[in-house]
Amino acid sequence: MNQIAIVGAGIAGSLLAFQLIRQGKRVTIYQPEITQKICSQVAAGMLAPTSELEQGSEQVFQLGLRSIQLWPEIIETLKTETGQPLYCDLAGTLVISHSQDQASLKQFYNSLSHKLGKDTQSFCQSMLITEKESEINGFQHGYWLPHEAHINASLTLKALHEYIQQNGEWIATEANCIEPNKVDDRKYDWVFDCRGLQAKKDIAKMHGVRGERILLHAPDVHIRHMIRLMHPRYRLYIVPRPDNHFIVGATEIDSDDESPISVRSTLELLTAAYSVHKGFAEARIVDLSTQVRPATWDREPYIQSKTGLTRINGLYRHGYLLAPALLEQATRVLSSEHFVIETGAIS
Ligand SMILES: Cc1cc2nc3c(=O)[nH]c(=O)nc-3n(C[C@H](O)[C@H](O)[C@H](O)COP(=O)(O)OP(=O)(O)OC[C@H]3O[C@@H](n4cnc5c(N)ncnc54)[C@H](O)[C@@H]3O)c2cc1C
């Protein structure tokens, strides 16, 4: 089982290619030239299993914890191979709310403690905000989620692409016919379909969930940890990047609409960021991006295998959080005598 084809070079396809090349496989990846940002380039790079557990499943939580164990080594190897300034920052997340939104903060904690039981204290600790972030004033008490990390998603993807181009075969065209052991007119020992939302016609009940995020350059802001601001209508996140850059995002809409970010979302995101730190007032807007996340009906990740073809999809808002652990499971088909056949979410 040596000659592998992968269709799609988002985080799923690219990390899979990287892992398989490292295992000595001959990998061909199909990905047309990327002229417009793909979903994996827009991601904020949060590896936030505890935050996601508030609304997510135990499966996503466990896969996320496993991925956080795997990412540091992946990043180190990629850094050595490509020289890109990559990082996996295990700094954790601070969860805060304005005093009028304390009920949302309480609801967040209650939801986590219900799911985590006796482990709650290890994953979600009550904390005075200024103990962790001295610049964030006006917030008293919040929660500290130590088992969370973040990476630079777009730079990591770029490094993966460089690595694949140097060590694998990159076919810069769209694959039209994806079948067991075959892509278009070429035969392979195994084919992985990682097309994200474009696989919609082959996977029942897949749909898009629109996300919007803003990249800011804020020289007056020195926040070191990821921040989640609880609000009755949305959860705002602020993710620090090197050189006083910050990603701010929140909104989520069930839609395939890839049109530019709306005025309303922009105002809400920036107002909320400013309410966390007044230094954002003088920030420069470096980039505004929207993209559509590939989601299944139950928002769980999806692996489906039959001999010669595996589909990996439904990464929804967890592509980076889940990819290393999910791919660990997906690639077992290559060494197993009994191919796993799933018909829906992997649970
Ligand atoms: C605003 C926003 C913020 C996010 N933040 C985070 C975050 O902080 N943490 C996190 O874990 N996740 C985050 N996500 C989610 C994450 O981005 C997605 O889960 C992930 O990008 C999905 O990856 P993918 O590889 O499945 O799909 P994609 O990134 O969509 O990649 C699919 C690729 O397949 C290619 N393709 C499609 N059809 C063909 C074909 N026929 N032939 C060849 N190639 C084809 C496409 O061109 C594309 O490059 C965020 C998403 C958004 C929108």
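Residues numbered from 1 in each chain as written. Predicted model: local features only at pLDDT ≥ 70, side-chain atom pairs only at ≥ 80, totals over all residues. Heavy atoms only, no water.

Draft legend 1. Seen up close, the packing of aromatic side chains. Applying the stated criterion across every chain yields a total of six aromatic pairs. Each ring, one from F18 and one from Y163, has its centre 4.9 Å from the other, and the planes form 70°; the classification is edge-to-face. One end of the pair, F18, is in helix α1 (residues 11–22); the other, Y163, is in helix α8 (residues 153–167), with 145 residues separating them in the sequence. With relative accessibility at 2%, the residue F18 sits in the buried group. The exposure class assigned to Y163 is buried, which follows from its relative accessible area of 4%. Ring centres of Y30 and Y188 lie 6.4 Å apart, and the angle between their planes is 85°; on these two criteria the pair is classed as edge-to-face. Here Y30 is found in strand β2 (residues 26–30), whereas its partner Y188 is found in the loop between β12 (186–187) and β13 (190–193), with 158 residues between them in sequence. Assessed through its relative accessible area of 4%, Y188 is described here as buried. Its end group placed over the ring of W144, K132 keeps NZ or CZ at 4.0 Å from the ring centre. (Phe/Tyr/Trp six-rings, centres within 6.5 Å; stacked < 30°, edge-to-face > 60°. Helix = DSSP H or I, 4+ residues; strand = E, 2+ residues; numbered from the N terminus. Buried < 20%, exposed > 50% of the residue type's maximum accessible area, 1.4 Å probe, protein only. Lys NZ or Arg CZ within 6 Å of the ring centre and 35° of its normal.)

Draft legend 2. Quick peek at the sheet that holds strand β3 (residues 46–47). On the basis of which strands lie adjacent, the open sheet formed by three strands has the order β3-β8-β4 and antiparallel pairing. If you trace the sheet from one side to the other, it starts and ends with β3 and β4 (88–89), each paired once. (Pairing = 2+ DSSP bridges.)

Draft legend 3. Looking closely at unusual backbone geometry. In this structure, R299 takes a positive phi of about 60° despite not being glycine. On the accessibility criterion, R299 (22% relative accessible area) is partly exposed. We note that Y316 has phi near 45°; this positive angle belongs to a residue other than glycine. Following the sequence through the fold, Y316 ends up in the loop between β20 (309–313) and α10 (319–330).

Draft legend 4. Examining the domain arrangement of the protein chain more closely. Domain parsing of the protein chain yields domain 1 (3–85 + 151–203 + 297–334) and domain 2 (93–146 + 208–295). Each of domain 1 and domain 2 was reduced to a C-alpha centroid, and the two centroids are 26 Å apart. Taken together, the contact pairs 32 residues of domain 1 with 30 residues of domain 2. For the pair domain 1 and domain 2, the summed buried area comes to about 2,700 Å², and 55% of that belongs to carbon and sulfur atoms. Taken as a group, M46, E54 and L197 account for 24% of the area that domain 1 buries against domain 2, more than any other trio of residues on that side. If you look at where domain 1 meets domain 2, you find four salt bridges. The salt bridge partner of R235 is E54, with a shortest N-O separation of 2.6 Å. Taken together, the connections running from domain 1 to domain 2 amount to 14 residue pairs in polar contact (both at pLDDT 80 or more). (Domains from an automatic or database assignment. Contact = heavy atoms within 4.5 Å. Buried area = accessible area lost by both parts, 1.4 Å probe. Salt bridge = Lys/Arg side-chain N within 4 Å of Asp/Glu carboxyl O. Polar contact = N/O pair within 3.5 Å; in protein donor to acceptor, adjacent residues only side chain to side chain.)

Draft legend 5. Layout of the UniProt feature "domain: FAD dependent oxidoreductase" (unreviewed entry) in the protein chain. Mapped onto this structure's residue numbering, the UniProt feature "domain: FAD dependent oxidoreductase" (unreviewed entry) falls at residues 4–325. For residues 4–325, the helix share is 33%, the strand share is 30%, and the end-to-end C-alpha distance is 20 Å. (UniProt positions renumbered as here; feature names shortened; annotations may be inferred.)

Draft legend 6. Region of interest: the side chain of H231. Tracing the backbone shows H231 in the loop between β15 (226–230) and β16 (235–241). On the basis of relative accessible area, H231 is assigned to the buried category, the value being 17%.

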